[in-house]
Amino acid sequence: MRNFQKLDGYKVNPDSDSLELFLTNADDEQPRLALRREGGYVTISASYGPLEIALRPRYEDMIRTLSRLTVVEGLQTTRQVGTGQAYLAVGLASDGDLLLRPTIVADATGHFSLNLEIANPARQALYDWLKVPAPAGA
């Protein structure tokens, strides 16, 4: 069973064109997600204390994936952005929260992931910052 940590706070830094997602009532050792645009890529730093997963998916792939997400009962993550060795698995919960699993795959024997749930207001801030288009008919 996956244990998702909810991130409900966000901070946009317009000077560095970055976004940080975090748990509002937590210390520095709690999970954090920092994103920044770098040309055609989005750099993602998912950290929990001293542990970090760093990903760099293509911006267009990220936007396309997030704009097409739908709730699928029984599945937590339904799409992936990245490669077979390093990817961001994404899903949409029935309450509107965004499920993210930044993952690094070692080989066929294992992987390392952080299980993050982005609360709806923080998810909307992420979508606005990334400029994810609203779904058709919304």
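Residues numbered from 1 in each chain as written. Predicted model: local features only at pLDDT ≥ 70, side-chain atom pairs only at ≥ 80, totals over all residues. Heavy atoms only, no water.

Draft legend 1. Representation of the overall build of the protein within the structure. Within the protein, the secondary structure is distributed over 2 helices and 11 strands. Computed over the C-alpha atoms, the radius of gyration of the protein is 14 Å, within 12% of the 14 Å expected from 2.2 N^0.38 for a compact globule of 138 residues. Overall size of the protein, expressed as C-alpha extent along the three principal axes, is 40 × 35 × 30 Å. Counting over 138 residues, the protein shows a buried share of 42%. For the protein, the proportion of contacts with a sequence separation of at least 24, taken over those separated by at least 6, is 37%. For the protein, the accessible surface area stands at approximately 7800 Å², while carbon and sulfur atoms represent 48% of it. Averaging the locations of the 14 positively and 17 negatively charged side chains of the protein gives two centres separated by 7 Å. (Helix = DSSP H or I, 4+ residues; strand = E, 2+ residues; numbered from the N terminus. Rg over C-alpha atoms; globule rule 2.2 N^0.38 Å. Buried < 20%, exposed > 50% of the residue type's maximum accessible area, 1.4 Å probe, protein only. Contact = heavy atoms within 4.5 Å. Areas by Shrake-Rupley, 256 points an atom, 1.4 Å probe, with all protein chains shown as cover. Lys, Arg positive; Asp, Glu negative; His and termini not counted. Charge placed at Lys NZ, Arg CZ, Asp CG, Glu CD.)

Draft legend 2. Local environment of the side chain of Arg123. Checked against the element boundaries, Arg123 lands in helix H2 (residues 120–130). There is no salt bridge for the buried Arg123, and the closest opposite charge comes from Asp97, which lies 6.3 Å off by N-O distance. With residues up to four places along the chain from it excluded, the contact list for Arg123 reads Leu92, Gly96, Asp97, Leu98 and Ile118. (Salt bridge = Lys/Arg side-chain N within 4 Å of Asp/Glu carboxyl O.)

Draft legend 3. Region of the structure containing the pairing of strand E2 (residues 9–13). Two elements, E2 and strand E3 (residues 18–22), share 5 bridges in a ladder whose sense is antiparallel. Residue pairing in the sheet places Asn13 in a bridge with Ser18 of E3. Turn length for the E2-E3 hairpin, with the two strands adjacent in sequence and antiparallel, is 4 residues, and the turn residue Asp17 shows positive phi of about 50°. (Pairing = 2+ DSSP bridges.)

Draft legend 4. Broad picture of the nonpolar core. Grouped together as the largest cluster of nonpolar side chains are 29 residues, with contacts concentrated most on Leu33, Leu35, Leu66 and Leu130. In contact with Leu33, other than residues within four places in its own chain, are Leu7, Leu19, Glu20, Leu21, Ile44, Ser45, Ala46, Leu100, Leu116 and Ile118. (Core = buried A, V, L, I, M, F, W, Y, C linked by side-chain atoms within 4.5 Å.)

Draft legend 5. Region of the structure containing a nonpolar patch on the surface. On the surface, Tyr48, Leu51, Ile104 and Phe112 cluster together into a nonpolar patch covering about 340 Å² of accessible area. With respect to the helices and strands, Tyr48 occurs in strand E5 (residues 41–48). (Patch = residues over 30% accessible without salt bridge, like charges linked within 9 Å, V, L, I, M, F, W, Y side chains within 5 Å.)

Draft legend 6. Spotlight on the pattern of salt bridges. One pass over the structure, following the stated rule, counts 5 salt bridges. The salt bridge involving Asp97 is made with Lys6; its shortest N-O contact spans 3.0 Å. Taken together, the residues span a long stretch of sequence, with Asp97 in the loop between strand E8 (86–92) and strand E9 (98–107) and Lys6 in strand E1 (residues 5–7) at a distance of 91 residues. In this structure, the salt-bridge partner of Asp61 is Arg64, at a minimum N-O distance of 3.1 Å.

Draft legend 7. Expanded view of empty space enclosed by the protein. Counted by the stated rule, this structure contains 1 cavity of 30 Å³ or more. Approximately 40 Å³ is the volume found for the largest cavity. Leu33, Leu35, Ile44, Met62, Leu88, Leu100 and Leu126 together form the lining of the largest cavity. (1 Å grid on protein atoms, 1.4 Å probe; cavity = no way out; pocket = protein on both sides within 12 Å on 5 of 7 lines; lining within 4 Å. Points joined across faces, edges and corners; volume = space filled by probe spheres on them.)

Draft legend 8. The sheet that holds strand E4 (residues 31–38), seen in detail. Ordered in space as E2-E3-E4-E5-E6, the 5 strands form an open sheet in which the pairing is antiparallel. Looking at which strands have only one partner, the edges of the open sheet turn out to be E2 and strand E6 (51–55). Shown here is a sheet whose adjacent strand axes are inclined to one another by a mean of 15°, direction ignored. Here 5 bridges tie E5 to E6, and the two strands are oriented antiparallel to one another. Bridging from a neighbouring strand, Tyr48 pairs with Leu51 of E6. (Axes fitted to C-alpha atoms, helices over the stretch in contact; angles between N-to-C directions.)

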